[in-house]
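If you want the building blocks of each chain, they are given just below.
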Amino acid sequence: MLLTLSDVEVAYGAVTALRGVSLEVGEGEIVTLLGANGAGKTTTLRTISGLLRPRSGEVRLDGRPLSSIPAHGLVGAGVSHVPEGRRVFPSMSVRENLLMGAYHDRRHARADLDRVVALFPRLAERIGQPGGTLSGGEQQMLAIGRALMSRPRLILLDEPSMGLAPMIVQTIFEVIAEINQAGVAVLLVEQNAASALRIAGRGYVLETGRVVLAGTAAGLLADDRVRQAYLGEDVADGADGPAPAGGGAAAGPAHGAAVPADSA
Amino acid sequence: MGFLDQFWQLTIDGLMVGSLYAVIALGYTLVYGVLQLINFAHSEVFMLGSFGGLFAARALLPDDGSVPGGLASVGLVAVGLGVGAICGGLAAFTLERVAYRPLRRRSAPRLAYLISAIGASLFAVNLAGKEFGRQNVDLPDLFHNGTVFTVFGADVSTQSLVIFAVAVAMLIGLDRLVAGTRLGQGIRAVAQDADTAVLMGVNVERIIIVTFVVGGLLAGAGGFLYAMTFNASYSMGFVPGVKAFTAAVLGGIGNVRGAMLGGLLLGLVESYGGYLFQASYKDVIAFLVLVAILMIRPSGLLGERLGRAA
Amino acid sequence: MSTPPAGPPGTGGGAATVPLRIAGSPAGPAGSSGSAGSSGSAGSSGPAGGPARPAWHPSVLFAPARLRQLGALLLVGVLAAIVTGPTGNSDKPLQAAKDSIVDVRIVLYLGLAVALWVLLVLGAQLRGALERVSAPVRAPVGAAYGRRGGPIVLNLVLLAIAIVAPMVVSTAAQQSMVNDIGIYALLALGLNVVVGYAGLLDLGYIAFFAIGAYATAYFTSQTAMPWHAPFVLNPFFVFPIALILAALAGVILGAPTLRLRGDYLAIVTLGFGEIIHLVANNADNITNGARGAFGVPHLSIDLLGIDYKWGIDPLPYYYLLLVIIVVVMIAFGRLERSRIGRSWAAIREDEIAAEATGVATLRMKLLAFAIGASVSGFAGVLFASKQFFNPQSFSLQASFFVVAVVIFGGMGSRLGVVVGAVVLQGLAFYLRDKVPPADRYIYFGAIIVIMMIFRPQGLVPSRRRRREIQLVEEGIGAADSLGVAPTGGQR
Ligand SMILES: Nc1ncnc2c1ncn2[C@@H]1O[C@H](COP(=O)(O)OP(=O)(O)O)[C@@H](O)[C@H]1O
Ligand SMILES: [Mg+2]
């Protein structure tokens, strides 16, 4: 396995955010991590990229524990993280932002810059403009492009569709699929479950710091609770979906390959 | 003689002193950029660099009290600058390690950093006072200080020229460093968004210490230039320190070019103001400028570009 | 500023294994003693370095982090030798340092450094032993403090000590108990409102003290300064005047500055303090310049049949100060528990949230700043009416010293800052003929840094502040009013 989390617990001071999360991402896979606001999705990604350290449990990359690698060394190990809210460098130009992606290894920067710009033609038009002046969609493209500049094997995406118009969301998801085609594994955090499950191979559902469901994308799409909580008509963005905490697991799997994580 | 007669002379003097403020201001602005923190002890880095450069140059001066010339002068100034820079860099490194890093490691509240820096400043000032005495220490002439040329009737002395040239060279060098090198890329990234910089592979801890050291090198060399014009003393750091900080805020704290502009402007304002009002209250001018900017345009002339824009 | 408040970049090469701190685990200085103080020691071989190896096992003792720690301590030892060594001069700049190092005392300092290192290495075990020894002593005190009314008993005991103490010491010590301890305790109580309650930093605090002192000279004497009022007042009437003047100055200074980042206040007050000092020193025909004000009348009461004059004996001043300090402590205790005090706490912990819940943050900060200033002005009247003064009493270092007292004692703790004044001024008194006066600031500077590193909550911490600092270090809240924490915090 490319990435393995086993029984990871993370706390912010007295607040426990992850209560024993286990998940896996294989080489070349798209795996999605779903969950309502505050479920712990961002915390999971931040833990993988070393910004947070687990209180217990372990994160492994290629079977190697990540605890021996400092956070800034993770890009070198092939993991690229597109943070929540895009976080482009506001006063750097688009070009400088992209070059920041190649900070740890500048050998291929030039060629990669052309490659990324080809992937996002919109960025070419804005190449000299400060990152902070781009629109939300452009910033998301820039953030993803920046992550690609480091030639990652695994890319972590934290809610890339957040706050974007449906048209742009579609573009972004197409690009994600395209990136994956090129052999990059993707761990995609989303609240937009429908779109995420459409491109993902597998998925996990996180609730209050626990993985409550795991399975193939098709299985999850068919699962009643997923449909109710994350795909309901009236809660299109899924943000405030009523997620029965813990209790859901007792109901057992309803469909196909989606099984409650605690019994898996 | 009226103000207009003196205008060009005041301008030249103002630019010279202002270029020194700019050099010191860079230390504040760089550290502010990466840490969002006013490094209160920066003035002591300046002071220690000044002493280091002064003592080194003095030790190499001929015993007979004659003023050296030619290559010897160039060498002496170079040694003074170099040793001053090294002492400043070392002081800044030590300061970061002792007074800041332990606090960073446990994410202390912001107030703690300020207080710790004040403690370090108090310590350094008075230790210097104890070791080097509490009088002003003069640096004998390192070269014949004549008039090189005149502009609009104002004399430009060798000394002014040396100081201005060296200071501007350092300013340009730093600007290139920040704008055009990998280190500069890292510094700017940390200044704008440290978390995300980490995700790009920037070793924030390294950037922080290097930033301190770069600021210290500049302040140390600037300290030597200052001692060359005026003198050195254990308490010399405070006033130029406040002024350089003012310069940094004037230009937009966290903004490298802003600090340069702010320094030169403040030097000019002070030079004109000192002539128009009373020279003994010259130091008050900088303070008034500071309060005025804070009230009128707290983000400074060029804005806080390197740091997180508000 | 869209950065979320908690964004700890994991940084630093070797320090990557530092676990997230959890509540209940020893947080704060004790918990991080494995790495604190030493410059280079990463947390990688902290107390939890490896199971089962005893602390004295060579692989533990001589781990790189431990060795770096030893190196740092040895450097500190050398520095200590230089600090306490002979005084030098600029003709032979390195001579004094050299003499300090090639001296037998260096052995003592290096020995101390090694001893300290051993203590740190064996820290965990020793701390346990220490607990066992000190528990029987601490338990009754703690119990007394915990019981209802316990603090009152303790405070009464302390008050009794404060009443009796000056009777058994020399006159020189009595003078010091008034001028240094008493006045500074009062100053510290005022600054504590600014630093401890509102979480701001005022580095020109002594300027308000100067305003009080010069106002006294202006209003009470026709001869003390060239500039004086057309009438003469009893110093007692100057108390309210100075209070208002100082508060006003505080508002004028604070209003434009407090709107901005909190740390700008520090530098503006620093400049203000220096300007007041500069003016006092240079304005010969107003303040009498560097010669100072001489001949301000002593305090006197002639009211309702009570007729009393304070003279040159320090004791009456001492008791007056004691009464004032007790009153101020009680008043500020009430203030702290009032709505205003709760607003300050809210601002410290999360200014944005406080603002959102309707706390007028700017006004509250200004209020704290003005209250602090007025206490300082008040103390200035007492000071001026007791004795001759000149601008040297209002130097920048004096401001820093008050900050040191507050930090050392424990910001936010009224008893703490008074204890801070007693201990630090006591130390200054003790050092008075051992160390040149100016050199004492070397020690005070060192104390400030050491406190910030190892015991930021101070000697007698306020329970609330201790909790806040702990929370901040866990990544929650702010504990001051200066904005987001600096980059590079490591959680
Ligand atoms: N910096 C923080 N300090 C304290 N608690 C936090 C912090 N960040 C997140 N949390 C808590 O951790 C939990 C998970 O948050 P997060 O990982 O951001 O959720 P998600 O990304 O799924 O919305 C939430 O309950 C949140 O309140
Ligand atoms: Mg999130």
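Keep in mind the model is a prediction, meaning the values are calculated, not measured.

Criteria and thresholds
One numbering rule holds for all chains: residues counted from 1, following each sequence as written. Key to labels: chains lettered from A, ligands numbered from 1, both in the order written. Owing to the predicted nature of the model, reporting of local features is limited to residues with pLDDT of at least 70; listing and counting of side-chain atom pairs is limited to 80 or more, with chain, interface and lining totals taken over all residues. By convention in this description, side-chain values take in all heavy atoms of the structure and omit both hydrogens and water. Only runs of H or I of at least four residues qualify as helices and only runs of E of at least two qualify as strands under DSSP, and these elements are numbered from the N terminus. Only protein chains enter the accessibility calculation, which uses a 1.4 Å probe; a residue is then buried when its area is under 20% of its type maximum, exposed when over 50%, and partly exposed in between. Any two residues whose heavy atoms approach within 4.5 Å are treated as being in contact. In these tables, accessible area is a Shrake-Rupley quantity obtained with a 1.4 Å probe, and a residue counts as shielded only by the protein chains included in the view. The quantity called the radius of gyration is restricted to C-alpha atoms. Its globule counterpart is 2.2 Å times the number of residues to the power 0.38. Two residue types count as positive, namely Lys and Arg, and two as negative, namely Asp and Glu; His and chain ends fall outside the count. A single reference atom marks each charge: NZ on Lys, CZ on Arg, CG on Asp, CD on Glu. Polar contacts, as used here, are pairs of N or O atoms within 3.5 Å; protein pairs need one atom able to donate a hydrogen and one able to accept it. Residues neighboring in sequence count only if both atoms are side-chain atoms. At least two DSSP bridges between two strands are required for those strands to pair. Axis lines are fitted to C-alpha atoms, over the contacting stretch for helices. Their N-to-C directions set the angle, which ranges from 0 to 180 degrees. Crossing handedness follows the turn of the near helix against the far one: under a right angle anticlockwise gives a left-handed crossing, and clockwise gives a right-handed one. Amino acid classes used here: Ala, Val, Leu, Ile, Met, Phe, Trp, Tyr, Cys and Pro are nonpolar; Asp, Glu, Lys and Arg are charged; the rest, including Gly, are polar. Think of the donor list as every N, O and S atom within 2.8 Å of the metal, or within 3.2 Å for Na, K and Ca; water never makes the list, so a site can look incomplete. In what follows, roughly perpendicular refers to angles from 65 to 115 degrees, roughly parallel to angles under 35, roughly antiparallel to angles over 145, and oblique to any angle outside these ranges. Stacked, tilted and edge-to-face are the three classes applied to pairs of Phe, Tyr and Trp rings, where Trp contributes its six-membered ring and a pair requires centres within 6.5 Å; stacked means planes under 30 degrees apart, edge-to-face means over 60, and tilted covers the rest. Residue-level confidence of the predictor is summarised by pLDDT, bounded by 0 at the bottom and 100 at the top. Any Lys or Arg side-chain nitrogen located within 4 Å of an Asp or Glu carboxyl oxygen qualifies as a salt bridge. What is meant by a nonpolar core is a set of buried Ala, Val, Leu, Ile, Met, Phe, Trp, Tyr and Cys residues, joined one to another through side-chain atoms within 4.5 Å. Like charges within 9 Å and nonpolar side chains (Val, Leu, Ile, Met, Phe, Trp, Tyr) within 5 Å are joined into patches, using only residues over 30% in relative accessible area that form no salt bridge.

Engineer: Please give an account of the overall build of chain C that cites residues and values.
Structural biologist: Along the backbone of chain C there are 20 helices and 2 strands. Put simply, chain C has 491 residues, and 51% of those count as buried. Contacts in chain C between residues far apart in sequence, at least 24 positions, make up 71% of those at least 6 positions apart. Total accessible area on chain C stands at roughly 21,800 Å², and carbon and sulfur atoms take up 69% of it.

Engineer: Can you lay out the overall build of chain B for me, pointing to particular residues and giving the numbers?
Structural biologist: Across its full length, chain B holds 11 helices and 2 strands. Along its sequence from the N terminus, chain B presents helices and strands in the succession α-α-α-α-β-β-α-α-α-α-α-α-α. Computed over its C-alpha atoms, the radius of gyration of chain B comes to 19 Å, within 12% of the 19 Å expected for a compact globule of 310 residues. When its C-alpha atoms are laid out on the principal axes, chain B stretches across 55 × 45 × 35 Å. With 310 residues in all, chain B has 66% of them scored as buried. Counting contacts in chain B only where the partners sit at least 6 residues apart, residues at least 24 apart contribute 78% of the total. Total accessible area on chain B is roughly 10,000 Å²; 67% of this is exposed by carbon and sulfur atoms. For chain B, the centre of its 19 positive side-chain charges and the centre of its 17 negative side-chain charges are spaced 14 Å apart.

Engineer: Explain the environment of Gly201 of chain A to me, using residue names and the numbers behind them.
Structural biologist: Residues and elements named next belong to chain A. Counting through the fold element by element, Gly201 comes out in the loop between helix H7 (193-199) and strand S9 (202-207). Taking the relative accessible area as the measure of exposure, Gly201 reaches 41% and is therefore partly exposed. When the C-alpha atoms of Gly201 and Leu52 are compared, they prove to be 27 Å apart, with 149 residues separating the residues in sequence. Discounting residues that sit within four places of it in the chain, Gly201 has contacts with Ile30, Thr216 and Ala217.

Engineer: Please give an account of helix H14 (residues 339-349) of chain C that cites residues and values.
Structural biologist: Count 3.6 residues to each turn of an α-helix, and residues three or four apart come out pointing the same way. Residue and element names in this part refer to chain C. When H14 is considered as a whole, its buried residues turn out to be Gly341, Ser343, Trp344, Ala345, Ile347 and Arg348. Of the surrounding secondary structure, the elements contacted by the buried residues of H14 are helix H8 (171-197), helix H13 (314-337), helix H15 (351-356), helix H16 (361-386) and helix H20 (463-473). A side-chain oxygen of the first residue of H14 lies 3.2 Å from the backbone nitrogen of Ile340; this N-cap is Ser338.

Engineer: Describe the sheet that holds strand S4 (residues 56-61) of chain A, naming the residues involved and giving the relevant values.
Structural biologist: All names here are of chain A. Reading across the sheet, the 4 strands line up as S2-S1-S4-S5 and stay open at both edges, with antiparallel pairing between neighbours. Of all strands in the sheet, those with a lone pairing partner are strand S2 (15-25) and strand S5 (64-65), marking the two edges. Relative to S5, S4 runs antiparallel, the two sharing 2 bridges. Its bridge partner being in S5, Leu61 is matched across the sheet by Arg64. Packing of helix H1 (residues 41-48) onto the sheet brings it into contact with strand S1 (3-12), S2 and S4, and relative to S1 it is tilted by some 115 degrees.

Engineer: Give me the lowdown on the packing of helix H2 (residues 42-60) of chain B against helix H3 (residues 70-105) of chain B, citing residues and values where you can.
Structural biologist: All names here are of chain B. In the contact formed by H2 and H3, the axes pass within 7 Å of each other and the chain directions differ by 145 degrees. Both H2 and H3 take part in a crossing whose hand is right-handed. Packed against H2, whose contacting residues are Val45, Leu48, Gly49, Gly52, Gly53, Ala56, Ala57 and Leu60, the element H3 presents Leu76, Val79, Gly80, Val83, Gly84, Cys87, Gly88, Ala91, Ala92 and Leu95 at the interface. Of the residues in the contact of H2 with H3, the class split is 12 nonpolar, 6 polar and no charged.

Engineer: Go over the coordination of the magnesium ion (ligand 2), please, and point to the residues and values.
Structural biologist: Every protein donor of the magnesium ion (ligand 2) is listed here as Thr42 of chain A (OG1), Glu84 of chain A (OE) and Glu84 of chain A (OE), and their distances to the metal cover 2.0 to 2.8 Å. Taken together, the residues Thr42 of chain A in helix H1 and Glu84 of chain A in the loop between strand S6 (79-82) and helix H2 (94-101) connect sequence positions 42 residues apart.

Engineer: Can you lay out the sheet that holds S6 of chain A for me, pointing to particular residues and giving the numbers?
Structural biologist: All names here are of chain A. Strand order in this open sheet of 6 strands is S6-S7-S8-S3-S9-S10, and the pairing throughout is mixed. The open sheet has two edge strands, S6 and strand S10 (210-216), and neither has a second partner. Strand-to-strand, the axes of this sheet are offset by a mean angle of 15 degrees, without reference to chain direction. Relative to strand S7 (residues 154-158), S6 runs parallel, the two being bridged by 4 bridges. Looking at S7, one finds that His81 is bridged to Leu156. Sheet strands in contact with helix H6 (residues 166-181) are strand S3 (30-35), S7 and strand S8 (185-190), and its direction is about 155 degrees off that of S8.

Engineer: Please set out the packing of H14 of chain C against H16 of chain C residue by residue, giving values where relevant.
Structural biologist: Pairs of packed helices are described in terms of their axes, by the angle between the two and the distance that separates them. Residues and elements named next belong to chain C. One way to put it is that H14 packs onto H16 with a least axis distance of 10 Å and a crossing angle of 110 degrees. Considering their axes alone, H14 and H16 lie roughly perpendicular with respect to each other. Once H14 is placed against H16, the crossing between them reads as left-handed. Touching Ile340, Ser343, Trp344 and Ile347 of H14 are Thr361, Met364, Lys365, Leu367, Ala368 and Ile371, all from H16. Tallied by class, the residues present in the contact of H14 with H16 amount to 7 nonpolar, 2 polar and 1 charged.

Engineer: Describe in detail the packing of aromatic side chains, supporting the description with residues and values.
Structural biologist: Residue and element names in this part refer to chain C. In total, this model carries 37 aromatic pairs over all chains according to the counting rule given. Judged by centre distance (6.1 Å) and plane angle (25 degrees), the rings of Phe219 and Phe231 are stacked. Note that Phe219 is positioned in helix H9 (residues 205-220) and Phe231 in the loop between H9 and helix H10 (235-258), a separation of 12 residues in sequence. Taking relative accessible area as the criterion, Phe219 reaches 13% and is therefore assigned buried. Taking relative accessible area as the criterion, Phe231 reaches 41% and is therefore assigned partly exposed.

Engineer: Let's hear about the confidence of the model for chain C: which residues, and what values?
Structural biologist: Residues and elements named next belong to chain C. For chain C, per-residue confidence averages 79 on the pLDDT scale, and 80% of positions sit at 70 or higher. Low pLDDT (under 50) marks residues 1-51, which in the prediction has 111 contacts with non-local residues, meaning those over four places away or in another chain. In the predicted assembly, ipTM is 0.90 and pTM is 0.85.

Engineer: Run through unusual backbone geometry, naming residues and quoting values.
Structural biologist: The phi angle at Glu159 of chain A is positive, at roughly 45 degrees, despite the residue not being glycine. Within the secondary structure layout, Glu159 of chain A lies in the loop between S7 and H6. Phi is positive for Gln36 of chain B, close to 55 degrees, though the residue is something other than glycine. Mapped onto the elements of the fold, Gln36 of chain B is located in the loop between helix H1 (3-35) and H2.

Engineer: Run through the pattern of salt bridges, naming residues and quoting values.
Structural biologist: All names here are of chain A. In total, this model carries 29 salt bridges over all chains according to the counting rule given. With its nearest N and O atoms 2.9 Å apart, the salt bridge here joins Asp112 to Arg151. Residue Asp112 is located in helix H3 (residues 109-119), and its partner Arg151 is located in the loop between helix H5 (136-148) and S7; the two are separated by 39 residues in the primary sequence. What makes Asp112 buried here is its relative accessible area of 2%.

Engineer: Give me the lowdown on the nonpolar core, citing residues and values where you can.
Structural biologist: If you look at the biggest cluster of nonpolar residues, it comprises 228 residues, and the most contacted ones within it are Phe40 and Leu142 of chain B together with Leu186, Phe208 and Phe389 of chain C. Apart from residues no more than four positions distant in its own chain, Leu142 of chain B is found in contact with Ala57, Leu61, Val67, Pro68, Ser73, Leu76, Val77, Phe224 and Met228 of chain B. Judged by nonpolar contacts, the second largest core, of 45 residues, contains Ile172, Ala196, Val212 and Val226 of chain A.

Engineer: Any chance you could break down the pairing of S7 of chain A for me, citing the residues and the numbers?
Structural biologist: Residues and elements named next belong to chain A. Among the 5 residues in S7, 5 count as buried, and that is most of the element. Along S7, one buried face is formed by Leu154, Leu156 and Asp158 and the opposite face, lined by Ile155 and Leu157, is buried too. With 5 bridges connecting them, S7 and S8 associate as parallel partners. Pairing of Leu157 across the sheet is with Leu188, part of S8.

Engineer: Explain the pairing of S3 of chain A residue by residue, including any values.
Structural biologist: All names here are of chain A. Here S3 lies mainly inside the structure; 6 of its 6 residues are buried. Along S3, one buried face is formed by Ile30, Thr32 and Leu34 and the opposite face, lined by Val31, Leu33 and Gly35, is buried too. Here S3 pairs with S8 via 5 bridges, running parallel. Within S8, the position partnered with Val31 by the bridge is Leu187.

Engineer: Summarise a nonpolar patch on the surface; cite the residues concerned and give the values.
Structural biologist: A cluster of nonpolar side chains, namely Val153, Leu154, Val157, Leu158 and Ile161 of chain C, defines an oily patch on the protein surface of about 400 Å² accessible area. With respect to the helices, strands and loops of the structure, Val157 of chain C is situated in helix H7 (residues 150-164).

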